[in-house]
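Letter by letter, the chains look like this.
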Amino acid sequence: MKNQTKLVRRAAVLGAGVMGAQIAAHLVNSGIETVLFELAAKEGDPNTMVKKAIAGLKKLKPSPLGFSQVTKLIIPANYDQHLHLLDDCDLIIEAIGERMDWKKDLYDKIENHIGENAILATNTSGGIVFVASISLTHRAI
Ligand SMILES: NC(=O)c1ccc[n+]([C@@H]2O[C@H](COP(=O)([O-])OP(=O)(O)OC[C@H]3O[C@@H](n4cnc5c(N)ncnc54)[C@H](O)[C@@H]3O)[C@@H](O)[C@H]2O)c1
């Protein structure tokens, strides 16, 4: 394993809700550094909400974490300050609420930060309808 090149060196998950936080947990369980994005808090530390979501992972039963220290591989981020962190992510998984207007707004916001060879995936339940409606020029799965 030591000399193998990882296909996904760094990942990002957009949305730190029920699905997004746990998807991030599975990625870091595999040793992949993961940037977890959430909306910025309006007051105080802008990363308050994403930090709360990361802390919440340690309380879930059964735990989605291989071991609690693995959360150190999750980088907390928000859309107001950290979109540039997407630039070198090989895999970006969108997992925000099931509202097409929210998703479209977000995809518009991130489009210029998706690397040429990055894979963009959505956790949407709306599937084909959603993928068909987005205007991204990048490859989406
Ligand atoms: N929960 C499930 O069992 C399940 C299963 C399969 C697929 N999904 C899909 O996964 C996605 C996420 O679902 P969930 O259950 O984690 O939802 P959730 O309600 O737990 O989390 C929604 C997330 O979206 C964020 N958000 C809200 N408005 C936003 C906006 N305007 N811009 C950016 N982010 C915004 C919230 O802050 C939150 O982090 C949805 O598309 C859902 O259909 C969910």
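Structure first, text after, so check above.
The structure contained in this document is the topic of the report that follows. Note that the coordinates shown come from a computational prediction; the quantities given were computed from them, not determined experimentally.

## Examining the overall build of the chain
- When you go through the chain residue by residue, the secondary structure sums to four helices and five strands.
- For the chain, the α and β elements follow one another from N to C terminus as β-α-β-α-β-β-α-β-α.
- Long-range contacts, defined here as pairs at least 24 residues apart, represent 65% of the contacts in the chain between residues at least 6 apart.

## A few points about the site of the ligand
- Near the ligand there are 17 residues, and of these Gly17, Val18, Met19, Ile96 and Ser125 occur at the shortest range.
- Of all elements in the fold, only helix H1 (18-29) and helix H3 (100-110) reach the threshold of two or more residues within the shell around the ligand.
- Of the residues forming the shell around the ligand, the biggest block, three residues, is contributed by H1.
- Here the residues of the shell around the ligand sort into eight nonpolar, seven polar and two charged.

## What to know about the sheet that holds strand S3 (residues 74-78)
- Sheet architecture is open: five strands sit in the order S3-S2-S1-S4-S5, paired in parallel fashion. Taken across any chain shown, the strands that pair with only one partner, and hence form the sheet edges, are S3 and strand S5 (119-122). Pairs of neighbouring strands in the sheet enclose a mean axial angle of 20°, with direction left out of account.
- Where strand S2 (residues 33-38) and S3 come together, five bridges link them in parallel fashion. When the bridges of S3 are listed, Thr34 appears paired with Ile74.
- Contacts from H1 reach strand S1 (10-14), S2, S3 and strand S4 (91-94) within the one sheet, and its direction differs from that of S2 by about 170°.

## Comments concerning the nonpolar core
- Ranked by internal contacts, the top residues of the largest apolar core, which has 31 residues, are Ala12, Val13, Ala24, Leu36, Phe37 and Ile92.
- Counting residues per element, the ones that place at least two in this core are S1, H1, S2, helix H2 (48-57), S3, S4 and H3.
- The greatest single-element share of this core, amounting to six residues, is contributed by H1.

## Considerations on H1
- Given a rise of 1.5 Å per residue, twelve residues ought to cover 16 Å, and the 17 Å separating the end C-alpha atoms of H1 matches this to within 8%.
- Just beyond H1, the residue with positive phi is Gly31, at close to 85°.

## Some remarks on the pairing of S4
- When S1 meets S4, the two strands line up parallel, connected through four bridges. Bridge assignment links Leu14 to a residue of S4, and that residue is Glu94.
- As defined by bridge partners, S4 adjoins S5 across four bridges and the pair is classed as parallel. Paired with Ile92 across the strands is Leu120, a residue of S5.

## Considering the pairing of S3
- Extensive coverage of S3 is indicated by the burial of four of its five residues.
- Assessed by its sense of winding, the connection that carries the chain from S2 through H2 to S3 is right-handed.

## Some words on H2
- Burial in H2 covers these residues: Val50, Ala53, Ile54 and Leu57. Mapping the buried residues of H2 onto a view down its axis gives an arc of 100°, with all of them on the same face.
- Buried-residue contacts for H2 involve H1, S2 and S3.

## Some remarks on the environment of Leu86
- Along the chain, Leu86 falls in the loop between S3 and S4.
- Residue classification places Leu86 among the buried positions, given that 24 C-beta atoms sit within 10 Å.
- It is 6.7 Å that separates the C-alpha atoms of Leu86 and Ala12, two residues lying 74 residues apart in sequence.
- Here Leu86 is in contact with Ala12, Ile92, Ile110, His113 and Ile114, once residues within four sequence places are set aside.

Cut-offs used in this document
Residues numbered from 1 in each chain as written. Predicted model: local features only at pLDDT ≥ 70, side-chain atom pairs only at ≥ 80, totals over all residues. Helix = DSSP H or I, 4+ residues; strand = E, 2+ residues; numbered from the N terminus. Contact = placed C-beta atoms within 7 Å. Near = placed C-beta within 6 Å. Nonpolar A, V, L, I, M, F, W, Y, C, P; charged D, E, K, R; others polar. Pairing = 2+ DSSP bridges. Axes fitted to C-alpha atoms, helices over the stretch in contact; angles between N-to-C directions. Core = buried A, V, L, I, M, F, W, Y, C linked by C-beta atoms within 7 Å. Buried ≥ 20, exposed ≤ 12 C-beta atoms within 10 Å, placed from the backbone. Expected span 1.5 Å × (residues − 1). Right-handed = clockwise from strand over helix to strand, strands pointing away. Arc of directions from axis to C-beta.

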